[in-house]
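If you want the building blocks of each chain, they are given just below.
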Amino acid sequence: MFEPQLIKRFGFLIILLCFINFPIYAFLLVAAEPVVLILLGNSWLEAVPALQVLSLYFLVRSTGNPVGSLLMATGGYRSSFFWNLTLFALIPIAVWAGAHKGILGIAWALMILQLFLIIPNWYFLVKPSSNVGFSEYFGVQIPALIAATAATLSAWPAAHFTAHAWINLVAAATVGGL
């Protein structure tokens with residue numbers, strides 16, 4: 001029922017996306033202030049915390065992207081439809097729940113919702129379509145997460161090194177990239 005080649009390619013796709021997406025979103029988390037200063041100017045500095053939370057949100061959300069391809073490849077159209085219908089209901093509720101705290105509240109509400117959806121995503125979509133176990137599915141993501149975390153921790157001081165946004169951005173990219 002489950003094609004080993006399909007499962008192997010799905011695992012490789014998860015690994016590949018994690019090693020591409022995690023550093024990008026981690027860098028945006030670290031360098032949010034210089035990025036906002038360069039692209040939008042001083043008047044947008046209040047958006048930095050929201051951008052940082054949204055960076056984490058999209059980092060987590062990006063791991064679910066290949067699941068849609070897996071569902072299409074295995075004929076899981078029905079599961080995909082009901083999953084997206086559920087998201088269609090839950091996301092506006094999360095936005096509404098966070099809205100009383102402004103854009104930062106919305107960002108946190110989306111992040112919390114995404115964290116709550118990680119295990120159901122695996123249980124209702126990945127597992128039935130591929131028979132990939134919990135530790136197998138999440139285990140392939142850990143090396144990319146560790147690498148992105150190490151880069152983030154090393155780049156954080158560099159992103160706030162001077163009062164010059166461009167220097168901070170280049171320093172964070174250089175230190176985090178090493």
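Every residue gets a number counted from 1 within its own chain, in the order that chain's sequence is written. Given that this is a predicted model, residues contribute local features only at a pLDDT of at least 70 and side-chain atom pairs are listed and counted only at 80 or more, while totals for whole chains, interfaces and linings are drawn from all residues. Heavy atoms throughout the structure, all of them, feed into the side-chain values; hydrogens and water do not.

**Considerations on the overall build of the chain**
In step 1: Broken down by element type, the chain carries nine helices and zero strands.
In step 2: Burial classes: relative accessible area under 20% of the type maximum marks a residue as buried, over 50% as exposed, and values in between as partly exposed (1.4 Å probe, protein chains only). Across the 178 residues that make up the chain, the buried fraction comes to 37%.
In step 3: Roughly 10500 Å² of accessible area belongs to the chain as shown, and the carbon and sulfur atoms make up 73% of that amount.
In step 4: Neither His nor the chain termini are counted; the positive set is Lys and Arg, and the negative set is Asp and Glu. Where a charge lies is defined by one atom per residue type: Lys uses NZ, Arg uses CZ, Asp uses CG and Glu uses CD. Each charge class in the chain can be summarised by its mean position, and for the 6 positive and 4 negative side chains these summaries are 13 Å apart. In this text, helices come from DSSP runs of H or I with a minimum length of four residues, and strands from runs of E with a minimum of two, each type numbered from the N-terminal end. Reported accessibility uses the Shrake-Rupley method at a 1.4 Å probe radius. Residues are deemed covered only where the shown protein chains occlude them.

**Remarks on the packing of helix 5 (residues 77-99) against helix 6 (residues 102-130)**
In step 1: Packing of helix 5 against helix 6 brings their axes to within 8 Å, and their N-to-C directions diverge by 155°. Relative to helix 6, the element helix 5 is oriented roughly antiparallel. As helix 5 runs across helix 6, the sense of the crossing is right-handed. Here Ser 79, Trp 83, Leu 87, Leu 90, Ile 91, Ala 94, Val 95, Gly 98 and Ala 99 of helix 5 lie close against helix 6, whose contacting residues are Gly 102, Gly 105, Ile 106, Ala 109, Leu 110, Leu 113, Leu 117, Pro 120, Asn 121 and Leu 125.
In step 2: Looking at the contact of helix 5 with helix 6 residue by residue, the classes come out as 14 nonpolar, five polar and no charged. A fitted line through C-alpha atoms represents every axis, and for helices the fit uses only the stretch in contact; the resulting angles, taken between N-to-C directions, go from 0 to 180 degrees. Small angles under 35 degrees read as roughly parallel and large ones over 145 as roughly antiparallel, with 65 to 115 read as roughly perpendicular and the rest as oblique. Each helix crossing is assigned a hand: it is left-handed if the near helix lies turned anticlockwise from the far helix by less than a right angle, otherwise right-handed if that turn is clockwise. Working rule for contacts: check all heavy atoms of both residues, and any pair within 4.5 Å makes them a contact. Residues are grouped as follows: Ala, Val, Leu, Ile, Met, Phe, Trp, Tyr, Cys and Pro are nonpolar; Asp, Glu, Lys and Arg are charged; every other residue, Gly included, is polar.

**As for the side chain of Ser 62**
In step 1: Turning to its location among the elements, Ser 62 is positioned in helix 3 (residues 48-62).
In step 2: Those residues in contact with Ser 62 that lie beyond four places of it in its chain are Asn 21, Phe 22 and Tyr 25.

**Remarks on helix 1 (residues 4-30)**
In step 1: Compared with the 39 Å implied by 1.5 Å per residue over 27 residues, the 39 Å span of helix 1 between its first and last C-alpha is a close match.
In step 2: Taken together, the buried positions of helix 1 are Phe 10, Gly 11, Ile 14, Cys 18, Asn 21, Phe 22, Ala 26, Leu 29 and Val 30. Helices are assigned an expected span. That span is 1.5 Å times one less than the residue count.

**Examining empty space enclosed by the protein**
In step 1: Site definitions follow a grid-based scheme: protein atoms alone, a 1 Å grid, a 1.4 Å probe that fits but cannot get out for cavities, and for pockets an open set with protein on both sides within 12 Å along at least five of seven lines, plus lining residues having an atom within 4 Å of a point. Grid points are joined across faces, edges and corners, and a volume is the space filled by probe spheres set on the points. Across all of its chains, the model carries one cavity of 30 Å³ or more by this definition.
In step 2: Its volume calculated, the largest cavity comes out at about 30 Å³.
In step 3: Examining the composition of the lining of the largest cavity, we find that four residues originate from one element, helix 1, more than from any other.
In step 4: Per-class residue counts for the lining of the largest cavity are four nonpolar, three polar and no charged.

**Notes on the environment of Ala 107**
In step 1: Structurally, the position occupied by Ala 107 is in helix 6.
In step 2: When the C-alpha atoms of Ala 107 and Leu 51 are compared, they prove to be 8.2 Å apart, with 56 residues separating the residues in sequence.
In step 3: Not counting the four nearest positions on each side in its chain, Ala 107 is found in contact with Ala 50, Val 53 and Leu 54.

Honestly, that's just the spatial picture; any functional story needs more than this.
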